[in-house]
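Fold and contact review
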Amino acid sequence: MKQNKFVLANALGATFGALSIGCMLIILVLPDLYVAIESLWSHGRNLSVLGPVRFDVASGLISAATFAGFGWITGYVYGWFLELFSKRK
């Protein structure tokens, strides 16, 4: 299972990275859609007081990298727990 832990971590890290890049593309191409989704995910809270949506490439790349890293860590920890609990039969 040890190798599967890394496979799961790599897959989840890549998925989180792809989702982050997809989110950046939505901000660039359809900023109003991004604001609508963000409002829905924050339970309808009025986020317009935060000002207009601005995109900074450097911040976007850093956020994508850290989100992918978070995904990798999540996948690894999930794989570790999966391995731990599968041994308890």
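Residues numbered from 1 in each chain as written. Predicted model: local features only at pLDDT ≥ 70, side-chain atom pairs only at ≥ 80, totals over all residues. Heavy atoms only, no water.

**Considering the overall build of the protein chain**
- Counting its secondary structure elements, the protein chain contains three helices and zero strands.
- Going from N to C terminus, the protein chain has its helices and strands arranged as α-α-α.
- The C-alpha radius of gyration computed for the protein chain amounts to 17 Å, which surpasses the reference 12 Å derived for 89 residues by more than 25%, pointing to a less compact arrangement than a globule.
- A principal-axis box enclosing the C-alpha atoms of the protein chain has dimensions of 50 × 30 × 15 Å.
- Within the span of the protein chain, comprising 89 residues, buried residues form 17% of the whole.
- Sequence separation of at least 24 residues holds for 82% of the intrachain contacts in the protein chain that already meet a minimum separation of 6.
- As presented, the protein chain carries roughly 6,800 Å² of accessible surface, and 70% of it is formed by carbon and sulfur atoms.
- Across the protein chain, the 7 positively charged side chains and the 4 negatively charged ones have centroids separated by 20 Å. (Helix = DSSP H or I, 4+ residues; strand = E, 2+ residues; numbered from the N terminus. Rg over C-alpha atoms; globule rule 2.2 N^0.38 Å. Buried < 20%, exposed > 50% of the residue type's maximum accessible area, 1.4 Å probe, protein only. Contact = heavy atoms within 4.5 Å. Areas by Shrake-Rupley, 256 points an atom, 1.4 Å probe, with all protein chains shown as cover. Lys, Arg positive; Asp, Glu negative; His and termini not counted. Charge placed at Lys NZ, Arg CZ, Asp CG, Glu CD.)

**A few points about the environment of Leu 33**
- Position of Leu 33 relative to the elements: it lies in helix α2 (residues 31–41).
- A residue is classified by how much of its surface remains accessible, and Leu 33, at 39% relative accessible area, is partly exposed.
- The spatial distance from the C-alpha of Leu 33 to the C-alpha of Arg 54 is 14 Å, given a sequence separation of 21 residues.

**Let's talk about helix α3 (residues 57–86)**
- If you check α3, its first and last C-alpha atoms are 43 Å apart, about what 30 residues at 1.5 Å a residue would give, namely 44 Å.
- Listed as buried for α3 are Gly 60, Ala 64, Gly 71, Gly 75, Gly 79 and Glu 83. (Expected span 1.5 Å × (residues − 1).)

**Some words on the confidence of the model for the protein chain**
- Within the protein chain, residue pLDDT values average 89, and 96% of them lie at 70 or more.
- Between the elements of the protein chain, mean pLDDT differs from a low of 87, seen in α2, to a high of 93, seen in α3. (pLDDT = per-residue confidence, 0-100.)

**Digging into the pattern of salt bridges**
- One pass over the structure, following the stated rule, counts two salt bridges.
- Between Lys 5 and Glu 83 there is a salt bridge, with the nearest N and O atoms lying 3.8 Å from each other. Note that Lys 5 is positioned in helix α1 (residues 2–29) and Glu 83 in helix α3, a separation of 78 residues in sequence. The same class applies to Lys 5 as to Glu 83, namely buried.
- Linked through salt bridges whose partners overlap, the residues forming this network are Lys 5, Glu 83 and Lys 87. (Salt bridge = Lys/Arg side-chain N within 4 Å of Asp/Glu carboxyl O.)

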